[in-house]
Amino acid sequence: MKVIFALTIALLLPENIADAGGPWVAAIDPATGGPGAFAAEEIRREAEAQGMTLGEAAGETCIAIIAEKEAKAAAQSYSIRVQNESGRRTITVRGADAAGAMYGGLDIAEAIRTGTLDTLKDSDHKPHIWRRGIKFNIPLDLRTPSYSDCSDAAQANISVIWEREFWTALLDSMARHRYNVLSLWSLHPFPSLVRVPEFPEVALDDVWRTRAKLDDTFSFAGNDMVRPAMLADHEVVKRMTMDEKTEFWRWVMQQAADRGIQVYFFTWNVFTWGAEGKHGITNDLDNEITKKYFRASVREMVKTYPLLAGLGITAGEGMPHGLDSKVKEGWLWDTYGEGVRDALKDDPQREFRMIHRFHWTAQRDILDAFKNYPGPFEFSFKYSVAHMYSIPNPPFIQPLLENLAPGRKTWLTVRNDDIYTFRFGDPAYARQYILNMPPADKMAGFYMGPDGYIWGRDFLERHPDPGPRPLVMDKQWYSFMLWGRLAYDPSLPDAHFERALAARHPKASSPHVFRALQGAAQVMPLITRFFWGDIDLKWYPEACWSHRRSKGQGFYTVRHFMDGITMPGADVLCIRDWRVRLTTRQPITKTTPLEIADALDGAASKTLAALDTLREAAKEDSDLQKNVTDCEALAWLGRYYASKIRGACALALFDVNGEQFEQETALRQLGDAHCHWKRYAAIRDAHYVPALYNSVGYVDVTALTEKVAADLEIARDWKPGTLKDDGRRSGSEKGFRQ
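Computed from a prediction, not measured in an experiment: that's the story for all the values here.

Asker: Looking at this structure, I do not really get the overall build of the protein. What am I missing?
Answerer: The helix and strand inventory of the protein stands at 24 helices and 20 strands. The C-alpha radius of gyration of the protein comes to 27 Å, within 12% of the 27 Å expected for a compact globule of 738 residues. Taken over 738 residues, the protein has a buried fraction of 62%. Residue pairs at least 24 apart in sequence account for 78% of intrachain contacts in the protein once pairs closer than 6 positions are excluded. Accessible area of the protein: about 27,700 Å², with a carbon and sulfur share of 50%.

Next up, the structure:
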């Protein structure tokens, strides 16, 4: 069946463009549904931004966007064809479905923005990865928290989550960057989302936020996320009935569908925030009332939201740690599995996906429990554990791929607990990471996002511009663009992204903007592959920091760097192994710590050299100035880590040979590190505030300068023979059980 859009937009080029040629006519529109309307509006918006005027005149160039279902065409695919006949140029976008037509239309909008419409050529496009998503820990309400809620960013975003303007802006950006999955994660979202007839007291009217000051003493298991003091001192940030809430979320899901985006909710289990104590509901797995409540809540969730694409579930921290996975899976089937089956009895043709995380459970027990699930059933795995900015080919998934049940697929949870604050972007790293992902016969898709921060509105900026805070996705638009666009098409060349930067910053040298962002982006992968802490609470590279309750560490000293391990699969030597090979004259075949230090210095030098050419243009471009500031901060952080690694290496050699020269070298390098940190802290904290993060606690970069300086005292007081080697080199969660 062929549907040709009916809306006509005539785009007239401004008179002062010499090669304008004539009017442009775009035949576009929503006969196929919302995505067509979104593409049409994007073309209109970009045309107006370029000074084009809209009219009805027949033009010399016609742009037609068509959605056409073909049996052989891949979903989301599209073609662009350019014809020149009798002085008339016709650009036809033909999508295999509404999403494909929309993506083709967005290509046209982008061509208008970057000034390349005249050079468009015939091309064919299909997605490299079918489902490209965002992971969003959603702070719905004080009473129904996510794992990220004990943080400044989450508390600031509770009211934001209920703004229509926020969701319109977020979903617009997701579509432009070619994301088509939005996963919303909450410990127990049901009281904020649905009314359950059998348990009427559970539904929560209004939206609450605590006024109590939060700290870093919350449990890592999520079992004290709502404390009595928080409830006692709360504020109502929005008055809403449950009926208004359900209408709001139906609207959000419709807006998502209009942009080709599917919405999923993910839960951890067993948590009953917002419901516990009502109707006899508790966190006890053996409580039959709790099981009935969960089953009914899942049923109502599916029925209340016809556009909800599926649920993600976890045999999580709310279950006893030593509990047999068969028991866990039996509970999850009795609640989530049966709840979905109950809902689909009235709508048996509806496809409703279930995504089961590989987290503290075993594949065979999952499959046995969910053997009668009435729809697509897939897994989910933490692909780089918590650090996507480490190496582009993380090894942790290999046991899963080798033992994945026939015909099953897994999603990748791509966690970014590396960079919360800054703007950055390296297409080479993103492209390589994407190309290393598992093949389509084993991978369902990915969703990317943090646990330690909230990708809502950004509240870190110290001196924000007037008006609403910017979306994190808009602030870091370049990074989000890279991952989304390359996940759809990894063959996009670097030149494509340079053109996007040129359109954004027309008075700046786009190659230099590109190089500055790329150099800045290389700092985190280099340091994290050298100094490995697998989960977020163990390693926050923006501050050389871990949660103070992570083995009592907090700030990582030069001693920690000597004791530290490198990332599995990175082929990087830790300092202890490097020292042994060096002092015993063994062959060195892996990357050494000093080579990592040199690479960090190289990235910093590349960044700072590019920035020198941008400072003049940045005076007239506030957004470019923010990029310059962020890249400069990351460059000095890179130099800090380079000097700290060199200092740790020299101190490790002094430990084994007692040579004064090595101790002096360590002191000199650690002194340089101290100077670099002060530069980093001054730049970072002039523009951003300290913050409480849920995974690593309160971070004040300037205050940490005292800890940085203490490395010099450690080196001065070091006694040879102090550094012991227990031989341990492990330290990453397995993530998969057969």
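Next comes the rest of the account.
Asker: So what exactly am I meant to see when it comes to helix 12 (residues 427–435) here?
Answerer: Each turn of an α-helix holds 3.6 residues, which means side chains three or four residues apart point in the same direction. Listed as buried for helix 12 are Pro 427, Tyr 429, Ala 430, Arg 431, Tyr 433 and Ile 434. On its buried face, helix 12 is in contact with strand 17 (410–415), helix 14 (477–488), helix 15 (494–504), helix 16 (510–521) and helix 17 (523–530). For helix 12, the side-chain oxygen to backbone nitrogen distance between the N-cap and Ala 428 is 3.1 Å, and the N-cap itself is Asp 426.

Asker: Hey, could you run me through the packing of helix 17 against helix 22 (residues 622–657) in this one?
Answerer: Each pair of packed helices gets described by two things: the angle between the helix axes and the distance between those axes. With their axes 10 Å apart at the nearest point, helix 17 and helix 22 run at an angle of 25° to one another. Considered as vectors, helix 17 and helix 22 are oriented roughly parallel to each other. Where helix 17 crosses over helix 22, the two elements pack in a sense that is left-handed. On helix 22, the residues that touch Val 523, Met 524, Ile 527 and Phe 530 of helix 17 are Leu 634, Leu 637, Gly 638, Tyr 641 and Ile 645. A class-by-class count of the residues in the contact of helix 17 with helix 22 yields eight nonpolar, one polar and no charged.

Asker: Which parts of the structure should I look at to understand the side chain of Asp 536?
Answerer: Positionally, Asp 536 belongs in the loop between helix 17 and helix 18 (558–563). A polar contact of 3.1 Å, which involves the side chain of Asp 536, links it to the side chain of Arg 415.

Asker: Just checking my understanding: could you explain unusual backbone geometry for this structure?
Answerer: Outside of glycine, negative phi angles account for most residues, and trans bonds account for most peptide bonds. Cis geometry marks the peptide bond from Asn 269 to Val 270; its omega dihedral reads 0°. Its place among the elements puts Val 270 in the loop between strand 13 (262–267) and helix 8 (288–304). The phi dihedral of His 279 falls on the positive side, at around 60°, and the residue is not glycine. Mapped onto the elements, His 279 comes out in the loop between strand 13 and helix 8. Not every positive phi belongs to a glycine, and Arg 585 is a case in point at roughly 55°. With respect to the element layout, Arg 585 can be found in the loop between helix 19 (575–583) and helix 20 (593–612). A residue is classified by how much of its surface remains accessible, and Arg 585, at 78% relative accessible area, is exposed.

Asker: Hey, could you run me through the nonpolar core in this one?
Answerer: One broad trend across soluble globular proteins is that nonpolar side chains are buried collectively. Formed by 194 residues in total, the largest nonpolar core has its most connected members in Trp 167, Trp 249, Tyr 336, Met 448, Trp 483, Phe 561 and Trp 677. The leading source of residues in this core is helix 22, at 19 residues. Once residues within four sequence positions are removed from consideration, Trp 249 is found in contact with Ile 138, Leu 140, Ile 161, Trp 162, Trp 167, Leu 184, Leu 193 and Tyr 305.

Asker: I'm lost on helix 2 (residues 98–114) in this one. Help?
Answerer: Over its 17 residues, helix 2 extends 24 Å from the first C-alpha to the last, a length consistent with the 24 Å expected when each residue adds 1.5 Å. Counting buried positions along helix 2 yields 14 of 17 residues, so the element is predominantly enclosed. Just past helix 2, the residue Gly 115 takes up positive phi, approximately 75°.

Asker: How should I be thinking about the pattern of salt bridges in this particular structure?
Answerer: For side chains of opposite charge, pairing can occur when their charged atoms come near one another. Within the structure shown, the criterion is met by 62 salt bridges. The structure contains a network of salt bridges with shared partners spanning Glu 42, Arg 45, Glu 46, Asp 107, Glu 110, Arg 113, Asp 172, Arg 176, Arg 178, Arg 259 and Arg 485.

Asker: Looking at this model, I keep getting lost on the confidence of the model for the protein. Mind explaining?
Answerer: Atom-level detail of predicted coordinates should not be read off regions where pLDDT is low. Summarising the model, the protein shows a mean pLDDT of 93, and 94% of its residues fall at 70 or more. Confidence drops under pLDDT 50 across residues 1–32; counting only partners more than four residues distant or on other chains, this segment forms 100 contacts.

Rules and cut-offs
- Residues numbered from 1 in each chain as written.
- Predicted model: local features only at pLDDT ≥ 70, side-chain atom pairs only at ≥ 80, totals over all residues.
- Heavy atoms only, no water.
- Helix = DSSP H or I, 4+ residues; strand = E, 2+ residues; numbered from the N terminus.
- Rg over C-alpha atoms; globule rule 2.2 N^0.38 Å.
- Buried < 20%, exposed > 50% of the residue type's maximum accessible area, 1.4 Å probe, protein only.
- Contact = heavy atoms within 4.5 Å.
- Areas by Shrake-Rupley, 256 points an atom, 1.4 Å probe, with all protein chains shown as cover.
- Polar contact = N/O pair within 3.5 Å; in protein donor to acceptor, adjacent residues only side chain to side chain.
- Axes fitted to C-alpha atoms, helices over the stretch in contact; angles between N-to-C directions.
- Parallel < 35°, antiparallel > 145°, perpendicular 65-115°, else oblique.
- Left-handed = near helix turned anticlockwise from the far one by under 90°.
- Nonpolar A, V, L, I, M, F, W, Y, C, P; charged D, E, K, R; others polar.
- Core = buried A, V, L, I, M, F, W, Y, C linked by side-chain atoms within 4.5 Å.
- Expected span 1.5 Å × (residues − 1).
- Salt bridge = Lys/Arg side-chain N within 4 Å of Asp/Glu carboxyl O.
- pLDDT = per-residue confidence, 0-100.

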